[in-house]
Amino acid sequence: MAYVAIADRDAPIHHPHSFIERYIWSQDHKVIAIQYAIVAIFVGLVALVLSGLMRLQLGFPEQFHFVDPEHYYQFITMHGMIMVIYLLTALFLGGFGNYLIPLMCGARDMVFPYMNMLSFWVYLLAVIVLLASFFVPGGPTGAGWTLYPPQAVLTGTPGAGLGIKLMLISLAIFIVAFTMGGLNYVTTVLQARCRGMTLMRMPLSVWGIFMATILGLLAFPALFVSAVMMTLDGTLGTSFFMPAVYSMGQPLDHNGGSPLLFQHLFWFFGHPEVYIVALPAFGIVSDLLSTHARKNIFGYRMMVWAILAIGGLSFVVWAHHMYVSGMNPYFGFFFATTTLIIAVPTAIKVYNWVLTLWKGDIHLTVPMLFAIGFIFTFVHGGLTGLFLGNVTVDLPLSDTYFVVGHFHMVMGVSPILVVFGAIYHWYPKITGRMWNERLGQIHFWMTFLGTYAIYLPMHYLGILGVPRRYYALGNTEFLPQSVHTINAAITIAALVVAASVVIFLYNMIVSLWRGEKAPSNPWKATTLEWQTPDTPPAHGNWGPRLPEVHRWAYDYSVPGAPDDFIPQNVPVDPKLGSGRDHGVHH
Amino acid sequence: MSNTAIFVALFAGVAVWLGVASRLTAKPWENREQPGDVGALKSSPARIGLWLFMAVATSLFSLFLSAYSMRMHQSIGWCHLTIPRIVYANTLVLAAASLAMQLASSAVGRGRRELARNALVAAGALSIAFLAGQVFAWQEIGPSLYFIQGSPAIAFFYVLTTLHGLHLLGGLYVIGRAATRFAGGAELIDLRQTFSLCAIYWHFLLLVWLAVFAVLLFL
């Protein structure tokens, strides 16, 4: 039996028959994407509330007695872990990956729909196990999101009993869920593209999600390994990571384990994780900028190569998170060098985004505002990364608020701005309704200015030497009064940003009923998901026939063309050039 | 650890480049009709899915083995494990299972139903025998918590064999389903892919086991 390419097969892959099959145990990638997104956003809101509580304590110490030191560390830990893994990873790959890959590639669904469904339900299980740790004796773990041993499993650390175990088990379950989803995303991109959709005609969103998934598939096993070994250290009393420890004057049973080994394993996962979050954001923001500036993306091939290069390099920089752990100077030199090298492809991407805007026909729609905002916050966070990538600069700054400012700017605010932009951008396709423009603009400005008000002063605090991870600063001699004033101001800004999220949620939920009916292609975009016969796309996406692609995804403002965009499925007219040839000169 | 990383990165880089260099240098903006590379990897999604899964499992086991090596070199008082004799026998059994699976796969390909059935049964039985043998090895090393806590080498042995065993159990679930279809009278032509993928997976598990065994023996 000869193999028939998926693009040559007709008829949808499976048919849902009942309400439950359609919306709950659904195998449709669009429903699974929405399920993923709802759970991820819900758990993200939990983490947002936790950060608000921490800020209350930091801004107004000793005013809020329900935040004691123990709770503070639990909030920090859960906030970090939830935001990085259960919100951003799940939302970008499980949410946007699921929704966009089949639609942008011109497929009817993922290639393994059943496994895709399982992926979501296992993810939900991971979230439930994680949240369950709030309700067990001792509460969730307070070991910090990096869960460094030995303190993570020693008594004295909050949640050292059940909390840490539930955290590790939840992570292991999450990794199983991610692997099932990830195999789907990669195989779908490789095998299920429609006719004419060559790799180099794929929109950059798909490239970003594709590469991020590959990173995840190879990097998450490192977290799995460390979670398994730490669980055994905590339950059976093995000594993989646990050195000989005296606790309250008594020797514990552990002997000879290596805490550094954990750090290596954790960061071998942890650094690619940064790019698992960043690459989809890079891809999506490229498409938003190009669409709303009515111009082809500048340097498409370079953008693809940069994604691949960043993906490869992200596996050889992990130890820059461990400069203060102590290491051979040559080792530090090596990792500082690779860290600075990774700035090259990243900078290329930034230049290309800016050059895409250059002389474009910029429409300041809400998604575009978020995309442009991303360029600002990402450049800002990226530049402080250059400071911290150097061993000698990192050592004094590592345990200060400078680092908190840096990583929140580069992998907190920046990807979240893209998430917001992407939700505004695709909302009309997903729901068939438009949102309220004015509320969207208010949301943007509150978020953008608010996050700057939060994180910019943190760099200054860091340079003053304000230590991070501290529950309260007390009357520390070397800190001027301005530190306390700034901390109060940051807290107020944080509450304002949190309020803006309420506006966002209100806008999204109310627009489901009250919003104007959306046209099928409101942004006049070229990519395939806007060319579906139904809005929102029906089961099977494309009606009786799969689309056929004749051009790349960025034919905007092509001279001589009747409209300022030509969708990918429109055949080539030999009389017309392409946007790339002329777009810059008009 | 860093050696593994460099190796994995190099390997992945070369593989990616060889596979896609010509595609990645295309100039899509010229809007020439391009030879579509749809389905250009001439194989089914299931086959690609399996190879990807094996890549993930390779990453998992190499990280475990790197951890083993680092734990060994970074600590004092490391005590090597004396590997029980039965593990050598187990290795041979697993190799035989892998061979039997290959035989079953090629028998299905050539339409020989009887041979395929016998080989499949043999592969399943040998795999179960391997797992039983591993459990015997545990007994021999000492299943008490005292040993597991006392020696990281023993703890690693338990973790690695368990993990490998779980992968094998997953494979057994798949051939169990294939066997049900087979017994239910499914056409051989419909079973070809499943059998061929199972054979690949069994070879992979044999290779993983050999790597684990070699590290435990020689490192």
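Residues numbered from 1 in each chain as written. Chains lettered and ligands numbered in written order. Predicted model: local features only at pLDDT ≥ 70, side-chain atom pairs only at ≥ 80, totals over all residues.

Caption draft 1: Highlighting the overall build of chain A. The helix and strand inventory of chain A stands at 16 helices and 2 strands. In summary, chain A has a C-alpha radius of gyration of 24 Å against a globular reference of 25 Å for 586 residues, a match within 12%. Considered along the principal axes of its C-alpha atoms, chain A spans approximately 80 × 55 × 50 Å. Considering chain A as a whole, with its 586 residues, one finds that 57% of them fall into the buried category. Counting contacts in chain A only where the partners sit at least 6 residues apart, residues at least 24 apart contribute 80% of the total. (Helix = DSSP H or I, 4+ residues; strand = E, 2+ residues; numbered from the N terminus. Rg over C-alpha atoms; globule rule 2.2 N^0.38 Å. Buried ≥ 20, exposed ≤ 12 C-beta atoms within 10 Å, placed from the backbone. Contact = placed C-beta atoms within 7 Å.)

Caption draft 2: View of the overall build of chain B. Each helix and strand counted, chain B has 7 helices and 0 strands in total. Summarising its shape, the C-alpha atoms of chain B cover approximately 70 × 50 × 20 Å along the three principal directions. Put simply, chain B has 219 residues, and 34% of those count as buried. Across chain B, every contact between residues at least 6 apart in sequence was considered, and the portion connecting residues at least 24 apart equals 77%.

Caption draft 3: Main features of the confidence of the model for chain B. Residue and element names in this part refer to chain B. In the predicted model, chain B carries a mean pLDDT of 88, and the fraction of residues at 70 or more is 92%. Least confident of the elements in chain B is helix α1 (residues 2–24), whose mean pLDDT is 73; most confident is helix α3 (residues 85–109), at 95. Across the interface, the model reports ipTM at 0.91; the global pTM reads 0.94. (pLDDT = per-residue confidence, 0-100.)

Caption draft 4: Region of interest: the interface of chain B and chain A. Opposite the 47 residues of chain B that make contact, chain A presents 56 residues. Within the residue set of the side of chain B that touches chain A, elements represented by two or more residues are α1, α2 (45–73), α5 (145–150) and α6 (152–183) of chain B. Looking at the side of chain B that touches chain A, the element that brings in the most residues is α2(B), giving 14 residues. For the side of chain B that touches chain A, a count of residues per class yields 28 nonpolar, 13 polar and 6 charged. (Nonpolar A, V, L, I, M, F, W, Y, C, P; charged D, E, K, R; others polar.)

Caption draft 5: Highlighting the domain arrangement of chain A. All names here are of chain A. The assigned domain composition of chain A is domain 1 (27–202) and domain 2 (380–518). For domain 1 and domain 2, the distance between their C-alpha centres works out to 19 Å. The interface is formed by 17 residues belonging to domain 1 together with 15 residues belonging to domain 2. Among the elements of the structure, α2 (29–59) and α3 (69–105) are those that each provide at least two residues to the side of domain 1 that touches domain 2. Among the elements that make up the side of domain 1 that touches domain 2, the one with the highest residue count is α2 (8 residues). Each residue belonging to the side of domain 1 that touches domain 2 can be placed in one class, and the counts come to 12 nonpolar, 4 polar and 1 charged. (Domains from an automatic or database assignment.)

Caption draft 6: Geometry of the environment of A:L100. Residue and element names in this part refer to chain A. Note that L100 resides in helix α3. Residue L100 is classed as buried on the basis of its C-beta count, with 28 C-beta atoms lying within 10 Å. Sequence-wise, L100 and T535 are 435 residues apart; in three dimensions their C-alpha atoms are separated by 14 Å. Leave out the neighbours within four places in its chain, and L100 touches S205, V206, I209 and E529.

Caption draft 7: Focus on the packing of α3(A) against helix α4 (residues 113–132) of chain A. Residue and element names in this part refer to chain A. In contact at an axis separation of 13 Å, α3 and α4 are set at 170 degrees when each is read in the N-to-C sense. On the basis of their axis angle, the class for α3 and α4 is roughly antiparallel. Residue-level contacts link Y86, A90 and G94 of α3 to F120, Y123, V127 and L130 of α4. Of the residues in the contact of α3 with α4, the class split is 6 nonpolar, 1 polar and no charged. (Axes fitted to C-alpha atoms, helices over the stretch in contact; angles between N-to-C directions. Parallel < 35°, antiparallel > 145°, perpendicular 65-115°, else oblique.)

Caption draft 8: Geometry of helix α6 (residues 204–235) of chain A. Residues and elements named next belong to chain A. Compared with an ideal rise of 1.5 Å per residue, which puts 32 residues at 46 Å, α6 spans 45 Å between its outermost C-alpha atoms and is within 8% of the ideal. By the criterion of burial, α6 is predominantly enclosed, with 31 of the 32 residues buried. One or two steps after α6, the chain reaches G237, where phi turns positive at roughly 80 degrees. (Expected span 1.5 Å × (residues − 1).)

Caption draft 9: Focus on unusual backbone geometry. All names here are of chain A. Of the consecutive residues P149 and P150, the connecting peptide bond is found in the cis state with omega at 0 degrees. Position of P150 relative to the elements: it lies in the loop between α4 and α5 (162–191). Following T535, the chain continues into P536 via a peptide bond in cis, with omega recorded as -10 degrees. In this structure, P536 sits in the loop between α15 (481–514) and α16 (579–582). Look at N541: it is not a glycine, yet its phi comes out positive at around 65 degrees. With respect to the helices and strands, N541 occurs in the loop between α15 and α16. Non-glycine residue S557 carries a positive phi angle of around 50 degrees. Relative to the helices and strands, S557 resides in the loop between α15 and α16.

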